[in-house]
Each structure stands twice: as C-alpha cells, then as structure tokens.
Amino acid sequence: MARRKKKRELRAIAAPFTVAAPTGARIRDRLRSTAAEAEVLRLVGEHLGHHQRADLAERVALGRVKVKENRRAERKKKLTAVSSSRWAGAMTRASEDQYQLSLRCLYDERASLRRAVRTIARRLAVPCGQRKGKTRGYPDQRERWAKQRRLAVLKTRLAAVEQRIETGRPGIVVGGRRLAKTRHNLGKARLTEAEWHARWEAARLFLTADGESGAPHGNYTITVDPASGEVSIVLPEPLRHLANAPRGRYKLACTVAFSHRREEWLDRVSANRAVRYDIVYEPVRDRWYIDASWGADTAVLPTPQEIQAFGERLLGVDLNADHLAAYVLDAHGNPVGEPITVPIVIGGPASHRDGCLRSAITELLRIAREHRCAGIVIENLGFDDARATGRETMGRGGRGKRFRRTVAGIPTAKFRERLRGMAFHAGLAVIAVDPAYTSIWGERYWKTPLRQQAKTSVTRHHGASVAIGRRGLGHGARRRAGVTASHRRMAARRATTQTVHIPRPRGAVSPIRTTGTPNGGDKTCWSRADQLTLFPDLEDRSRGHRTTCPDSSDSANTSQHH
C-alpha cells in the first residue's frame, strides 16, 4: 500500500496591527534668490560642508564607542571657532546620525549576504539533478560551477563587511556612492563633466540648522518670519564680512510662504517651538529650496479590534507592480460594491514615479472617504529575503528574470510610508496584515463569487484584496459553507451554518411535492396531480417538509409555497 503523502503545514499568521502615525512633518518652498544671494548661500554651504566632512571622518575614526566617549563636546568646541555654536551643534549631530545609519546599513548587508550564502551552500550540498528533501540541486555542472564562484565572491564580501562591523568603521561617501561611481560612466549617465561636478558639489553642501524651542520663531540660525516671510541666516565667523543685517546675519530679499500645511507651521513658529530648516540646491533646475521639518506629537490610533467593534468599513488593498486592486468590506467581512483598480506607473525618473504613487494614494483616500471607511488594510510586505537570494528562489531563465525585475520594481516601503502619512492627515487608519497566502486564498475562495456579482472584470488581485481586508477585520479568508452567488432565482441561499426558521406544515395537507420527491410508499411521484394527499401517513408530516424543490428560489428558508 502506497504511503500517504504528508500534508504541508501552513506557517503561523501574525496578528494585524495598526501602523504608527508619522513621527514628524516636512514641507518645502522655493527660494527665489538673486545671483548674489545664491553665491552667498553657496559659500556658506561649501564652508560648513568642508568642516562637517572633517568632523564625520573624525567620528568614524573613533569607531563603536559609548555615547559618553564619542568626544562630541570636544569636536563641537573645535567647530565653533570656524562657524558658530549652533552651526557646530548641527554638524556634530549630523555626523553622529550618519555614523549610526551607516552601521545599521552594514548590519542589513551582513544579514542579506548570510541569507544568500546559506541558500547557495544548501543547494551545492545536493548532487546535480537530484533532490534531497525540499532542496533541489543544480541541473548541470556548468551552473554548479558558476554558483561555486558566486559563493566564493559572496563569502569574500561577507568577510569584508564583518571586518568593518568589528572595527566600527563603515564606508561613507558624502554626496552619495552612486553619484561618485557615475563619474566613471558619464556616457551612460548622459552627463558632461561640468554637469556631474555641479551635482557633486550641490550634494556636499551643508546648510542645516536644528530647531530650538524658545528661540525666535523656533530657530535662531535660520529664521523665517511668519508675518513677512523673510529668511535670514547666521553667517559663520570667517564669512561675517558678507553680513547685511545686524549681529552677523544675512537677510535674503526673497520671501517664503509654505503653502502646504501652512497652518501647522504657523502654530509652531508663532509659539516659538522648534523647527528645523534645510536649504538645498538642485543644479538640474538651478533652483534653491528651503525645507521646514518638525517632530509631531504622539497620536493614539484605534486598533483593528476597536474598528471591528464599532462596525466600521475598511478598504482592502493589494499592491502589485503596475496597479492597486482594492475592495470595500463591511464590518462582517463582506465585499461591498464593485472592484476597484488604481493604476501605478513605476517607470521613468524617481520624481515621476513618486508623483504617480502619490496620485494613486490620493485616489485610494478619496474612495475610502466616499464609502465611509475607517481605514485602509495593506500587506506588511518586505522582499528582503527574496532580493537577497535572487534567482535561487525566484525562478530561472527569462521568466524568472522578468519576475525578479517585477518584484524589484514594487515600491513596497515607499508605498507604506507615503500611505501612512497621507492617510493620517486624511483621518484614516492604516492596518498592516501578514501577507501569507492572501493571493492564493483570495483566488481560491473569492475570485469566482466576485465575478458572479460584479459588473466589471475581477482578477485574482481583487480576491486577494478581499482576503487582506478580512484578515484586517479578524475574519478568516474562507467563505462560509453553502454561500453561493447572489442570483435571484438560481442561487439565492443562506449559509448552511446560519440558523433559519423553517415553518412546519399545518392541518392535514402535506408539503408540496414535485417530480423526484419520494412519497410515503417509497415511490416517486411522476405527476403534478399527485402533489396533495388528503389522508397522508403520519410519518409523512415529520419528514415530508424537508424535501428539496429544485425550482424554488429559496429552498433553505421555506417549506411551503402558496
């Protein structure tokens, strides 16, 4: 007798949770400066950027030390002599933040390399063309040899990363490593040497002033007057001869207004609460901008259980490479209305992709408000493992390459961050759920029923959005047994697990019997003239009312027809 194949066990599904509210805000406005003012800003940015890079190199040389041993006070005192006390504080703070961020990036790179090494080594342990458990060996010796070379390269990179972590000296390129490597590929980047130098110098400017509560309008170093919109900055000590205002300040002739979220900004600067300002230069457009940012107060958001208890609707969203599939669900997990598809453009430059993503999120928020939803349910996606192992687990050949490219193009992290901020300001909660089996179960249990009741086209992604929304409400992905399509005559039924009142027959008349309904003598009635019995057997009253009528529109709810 053949041994029965062991059933595959499903992994545990994590509980849904509400995504935390944004911890801060950042707005931007353009500085319409003159050529002389732009030259002053460039001189200040280059001077401060030079000293900030020197301080960063000194911080990296210290390695991983405790906070009390990073010599920040000593470094700040040295920088104060060539700038000011507040500029020095901003530079040392930026150096520490950059160092800690680089260390976290090293930890992530080490974890990614370890995953790749472990996956390749496991497949190399299996002979070519064979299978050992769930691990399959490589199909031929050629690919196996290429993977052995790949494994050696990954181990070398892993050893270098572990050494950097051990010494506490990450590699940091001020201005960006990608832009630095572009210098050797100007032809492919379609840049001239002068254009590359302009971008390189702009990326290495430092014009960042931390906010200070109690200071005039929340920032003494870079001050923006809320009444007139005038911008003034404190010049470093060697550049004080360029000042055109008292106390070594330089006042710009242009003004700013901060149209976006202006009320929040006015509330802070009017109360002298801390606001950070960054002045940046974009050489492609030849424009100067000023960014204002501040920390937001802690907000308490409703949990998924509270949203379900109040009977609120939710909008389930399935993120795909080129579109968003969504469905509105009521408090009981039932889909409401028609399927929703919002296209997304992932091609083109980063600014264009970000604008298309914002437009898609704006459309989702409009739909959620239109259907009076309390929140949006998304998957807690992350393709770190898949991107680390690459073609080892995501297919081979042309098809696998296209699939890997598709996965790499899905803006999971940016979509979650953009949605979190925009939904919070729209008064909507964002619930993240475990993405396990949502596409499989959505297609299996919801694709066909949705097609039967929807007037537009339904894909497996819409079924996945229903499964995502139900998981956010705490319901299972499966539909209750016995529920069919909402056809008025052929399929209008209740769930078999739902209790329903079935009236019993009264008097001496038995229930209606049709062709195929057995009578009291264990015979079949083939004539409609024999539907009523004047003197039925007593047993017929107890079992006759449970017969099924194929022509009835609701056979589970009624037993007699009038």
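Everything discussed here concerns the structure shown above.
Thresholds, definitions, all that
Residues numbered from 1 in each chain as written. Predicted model: local features only at pLDDT ≥ 70, side-chain atom pairs only at ≥ 80, totals over all residues. Heavy atoms only, no water. Salt bridge = Lys/Arg side-chain N within 4 Å of Asp/Glu carboxyl O. Helix = DSSP H or I, 4+ residues; strand = E, 2+ residues; numbered from the N terminus. Pairing = 2+ DSSP bridges. Axes fitted to C-alpha atoms, helices over the stretch in contact; angles between N-to-C directions. Phe/Tyr/Trp six-rings, centres within 6.5 Å; stacked < 30°, edge-to-face > 60°. Buried < 20%, exposed > 50% of the residue type's maximum accessible area, 1.4 Å probe, protein only. Parallel < 35°, antiparallel > 145°, perpendicular 65-115°, else oblique. Left-handed = near helix turned anticlockwise from the far one by under 90°. Nonpolar A, V, L, I, M, F, W, Y, C, P; charged D, E, K, R; others polar. 1 Å grid on protein atoms, 1.4 Å probe; cavity = no way out; pocket = protein on both sides within 12 Å on 5 of 7 lines; lining within 4 Å. Points joined across faces, edges and corners; volume = space filled by probe spheres on them. Contact = heavy atoms within 4.5 Å. Expected span 1.5 Å × (residues − 1).

Next up on the list: the pattern of salt bridges. Oppositely charged side chains are able to pair whenever their charged atoms sit close together. If you walk through the whole model with that rule in mind, you get 29 salt bridges. Notably, a salt bridge pairs Asp-55 with Arg-75, separated by 2.7 Å at the nearest N-O pair. Residue Asp-55 is located in helix 1 (residues 35-62), and its partner Arg-75 is located in helix 2 (residues 72-80); the two are separated by 20 residues in the primary sequence. With its nearest N and O atoms 3.7 Å apart, the salt bridge here joins Arg-273 to Asp-297. Placement of the pair is Arg-273 in the loop between helix 8 (262-270) and strand 9 (276-282) and Asp-297 in the loop between strand 10 (287-295) and helix 9 (304-309), with a sequence separation of 24 residues.

Turning to the sheet that holds strand 8 (residues 249-255), a few remarks are in order. Reading across the sheet, the three strands line up as 6-7-8 and stay open at both edges, with antiparallel pairing between neighbours. The outermost strands of the open sheet, each flanked by one partner alone, are strand 6 (222-224) and strand 8. Between one strand axis and the next, the sheet turns by 20° as a mean value, whatever way the strands run. In the sheet, strand 7 (residues 230-234) pairs with strand 8 via four bridges, with the strands oriented antiparallel. Note on strand 8: the bridge partner recorded for Ile-233 is Tyr-250.

Glancing now at the packing of aromatic side chains. Taken as a whole and assessed by the stated rule, the structure comprises four aromatic pairs. Pairing Trp-196 with Trp-200 gives two aromatic rings, centres 5.4 Å apart and planes at 10°, and the pair type is stacked. Separated by four residues within a single helix, Trp-196 and Trp-200 lie in helix 7 (residues 193-203), roughly one turn from each other. Accessibility classification places Trp-196 together with Trp-200 in one group, the buried group. An angle of 35° between the planes, with centres 4.8 Å apart, marks the rings of Tyr-281 and Trp-288 as tilted. We classify Trp-288 as buried; its relative accessible area is 6%.

Turning our eyes to something else, we now look at the packing of helix 3 (residues 85-124) against helix 4 (residues 141-167). Across the interface, helix 3 lies against helix 4 with an axial gap of 9 Å and an inter-helix angle of 150°. In terms of orientation, helix 3 lies roughly antiparallel with respect to helix 4. Regarding helix 3 and helix 4, the two cross each other, and that crossing is left-handed. Taken together, the residues of the contact of helix 3 with helix 4 break down into twelve nonpolar, one polar and eleven charged.

According to the stated counting rule, one finds three cavities of 30 Å³ or more in the structure shown. Its boundaries defined by the atoms lining it, the largest cavity holds a volume of some 80 Å³. Listing elements by their share of the lining of the largest cavity, those giving two or more residues are strand 11 (313-319), strand 14 (373-379) and helix 13 (412-425). For the lining of the largest cavity, the residue count by class is five nonpolar, one polar and three charged. When its volume is computed, the second largest cavity comes out at roughly 40 Å³. Considering the residues around the second largest cavity, the lining is formed by Val-19, Ala-20, Ala-21, Leu-301, Arg-420, Phe-424, Leu-428, Ala-429 and Val-430. Contributing elements (two or more residues each) for the lining of the second largest cavity: helix 13 and strand 15 (429-433). Tallied by class, the residues present in the lining of the second largest cavity amount to eight nonpolar, no polar and one charged.

A few words on the side chain of Asn-320. Inspection of the secondary structure puts Asn-320 in the loop between strand 11 and strand 12 (323-329). Beyond its immediate sequence surroundings of up to four residues, Asn-320 is in contact with Ala-325, Ile-410 and His-461.

Okay, the side chain of Thr-208 next. By the secondary structure assignment, Thr-208 is in strand 5 (residues 208-209). Looking at Thr-208, the relative accessible area reads 10%, which means it is buried. With residues up to four places along the chain from it excluded, the contact list for Thr-208 reads Trp-87, Ala-90, Arg-93, Arg-276, Tyr-277 and Asp-278.

Glancing now at helix 13. The α-helix winds at 3.6 residues per turn, so residues separated by three or four positions along the chain end up facing the same way. Between its first and last C-alpha, helix 13 extends 20 Å over 14 residues, near the 20 Å set by a 1.5 Å rise per residue. Here helix 13 has its buried residues at Thr-412, Phe-415, Leu-419, Gly-421 and Ala-423. Buried residues in helix 13 make contact with strand 11, strand 12, helix 10 (350-370), strand 14 and strand 15. Where helix 13 ends, the next residue or the one after it, Gly-427, has phi of about 80°, a positive value.

What follows covers helix 10. Between its terminal C-alpha atoms helix 10 stretches 30 Å, which fits the 30 Å expected from 21 residues at 1.5 Å a residue. Looking at helix 10, one finds that the buried residues are Asp-354, Cys-356, Leu-357, Ala-360, Ile-361, Leu-364, Leu-365, Ile-367 and Ala-368. Residues of helix 10 that are buried in the fold lie against strand 11, strand 12, strand 13 (335-343), strand 14 and helix 13. Within two residues after helix 10, Arg-372 carries a phi angle of roughly 60°, on the positive side.

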